[in-house]
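# Tertiary structure, described
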Amino acid sequence: MGAKPGGENTMKTQELTMEFVREALPPRKTDGHKGDFGKLLIVGGAVGYTGAPYLAALGAERCGCGLVYLGVPESIWQAEAGRCVSSMPFPAPDKNGMLCEKALRPLREKLEECGVLALGPGLGRSTETKKLVLGLLETEKPVVLDADGINVLSGHMDSLDARRGRVTILTPHDGEFARLGGDLAADRAEAARDFARAHGCILVRKGHRTLIATPEGTVLQNPTGNSGLAKGGSGDVLTGMIASLLAQGATPVRAAACGVYLHGLAGDLAAGWLTEYGMTPRDTAEAIPSAFQTVLTEQH
């Protein structure tokens, strides 16, 4: 696809290709066991938002993660446990149906066992969740930050800047990007590039032709996806996919790029079966294996 991400011509916006994704996917060991394919902790969920962590877990599982844990509020734990078959939800202290600061200790202990943290799907907004997010962002582990995890950074950008040198992937839609100080009036790619450089993170700016911007100045543009993905829950699936690939050993840029491309391709396949009107985020997650099959088997 031209210059490699992080290589020469980093100022150009490059289009993601199926060939790049095929070569960038983390390899699968023939004799591997579940511990070889990554351990992921997803933190999120709240009363009224029980679907978000489940969809993130489903995206992670469908992308090949070996072990997926969900730290969710105690008040919704039974609902999550009844819904999840392969992933492993566990209850954490909550207040008014949302995770609270007391959950920080058990979540940190669980994170010690895991390689990657996905933070934010369905988390909700409160003073307690803000303290929790800011506390978890102190980890040295790679973090994929989404939804209300991103919203916490508004007014606390120092917590993001303090992670410079560690892996942080943000996945905002335009509204969340604006709350982080992003310029919606500027050229879309340039604004994403400027933000990623300024804060030392990888920015996945969601929307039509989603962009992946790196701290080095590379911007990748995704060609897959359709309007059927413009439904609540689609971003949760994407967060799980990116975090899964990261946990399996993909480099941060490749994890973000492959996750975005495969998410859009899965959405295209789901739309082909169900139409853009009728498809749901769960249908997108269920189409991920077909997206992998397309990428891995299609020849030039």
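Not measured: the values here are computed from a predicted model. Residue numbers here run from 1 along each chain, matching the order of that chain's written sequence. A pLDDT threshold of at least 70 governs which residues receive local features in this predicted model, and a stricter bar of 80 or more applies before side-chain atom pairs are shown or counted, although totals over entire chains, interfaces and linings include all residues. Calculation of side-chain values draws on the structure's entire complement of heavy atoms; hydrogens and water are dropped beforehand.

## Here's the deal with the packing of aromatic side chains
Our working rule: Two rings from Phe, Tyr or Trp (for Trp, the six-membered ring) form a pair when their centres sit within 6.5 Å of each other. Planes less than 30 degrees apart are called stacked, planes more than 60 degrees apart edge-to-face, and all others tilted. For the purposes of this entry, the term helix denotes a DSSP run of H or I that reaches at least four residues, the term strand denotes a run of E that reaches at least two, and both are numbered from the N terminus. Think of it in three bands: residues with accessible area under 20% of the maximum for their type are buried, residues over 50% are exposed, and the middle band is partly exposed, with areas taken using a 1.4 Å probe on protein chains only. Over a ring means this: the NZ of a Lys or the CZ of an Arg is within 6 Å of the ring centre and within 35 degrees of the ring normal.
Counted according to the given criterion, the structure contains 1 aromatic pair. Ring geometry for F177 against F195: centres 5.5 Å apart, planes inclined by 65°, an arrangement best described as edge-to-face. Note that F177 is positioned in helix α8 (residues 174-179) and F195 in helix α9 (residues 188-199), a separation of 18 residues in sequence. Under the relative-accessibility criterion, F195 is labelled buried at 6%. The ring of F37 is capped by R28, whose NZ or CZ atom sits 3.7 Å from the centre of that ring.

## A word on the pairing of strand β3 (residues 67-73)
Quick reminder of the rule: Any two strands with at least two DSSP-identified bridges between them are counted as paired. Whether a crossover is right-handed comes down to one check: with the strands pointing away from the viewer, does the path from the first strand over the helix to the second run clockwise; if it does, it is right-handed.
Taking burial as the measure, the 7 residues of β3 include 7 buried ones, the bulk of the element. Across 5 bridges, the pairing between strand β2 (residues 39-43) and β3 is parallel. Across the sheet, the residue bridging to V43 is G71, located in β3. In this fold, β2 hands off to helix α2 (residues 51-62), which returns the chain to β3; that crossover is right-handed.

## Comments concerning the state of the cysteines
Defined as follows: The definition used for a disulfide is geometric: two cysteine sulfur atoms within 2.5 Å.
Summed over the entire model, instances satisfying the criterion amount to 0 disulfides. We note that C100 lacks a disulfide partner, and the nearest cysteine sulfur, in C114, lies 20 Å from it. A relative accessible area of 5% means that C100 is categorised as buried. In this structure C258 is a free cysteine whose sulfur lies 9.2 Å from that of C63, the closest cysteine sulfur available. Judged by relative accessible area, which is 1%, C258 ranks as buried.

## Concerning helix α11 (residues 252-278)
For clarity, the cut-off: How far a helix is expected to stretch is found by multiplying one less than its residue total by 1.5 Å. Take the seven residues that end at a residue and the seven that start at it, fit an axis to each, and the angle between those axes is the bend at that residue.
The terminal C-alpha atoms of α11, which comprises 27 residues, lie only 33 Å apart, well short of the 39 Å expected from a rise of 1.5 Å per residue. When the local axis directions of α11 are compared, the greatest deviation, roughly 95°, occurs at G272.

## Concerning the confidence of the model for the protein chain
To keep it simple, the criterion reads: Values of pLDDT, ranging from 0 to 100, describe the predictor's confidence in every residue of the model. The criterion used for residue contact is that any of the two residues' heavy atoms lie within 4.5 Å.
Looking at the protein chain, the pLDDT average stands at 95 and 96% of residues meet or exceed 70. Predicted confidence is poor over residues 1-10, with pLDDT under 50, and the contacts of this stretch with residues over four places away or in other chains come to 22 contacts.

## Concerning the environment of S244
Tracing the backbone shows S244 in helix α10 (residues 234-247). Classification of S244 as buried rests on a relative accessible area of 0%. Taking the C-alpha atoms as reference points, S244 and P121, separated by 123 residues in sequence, lie 15 Å from one another. Leaving out residues up to four positions away in the same chain, S244 has contacts with L40, A60, C63, G64 and C65.

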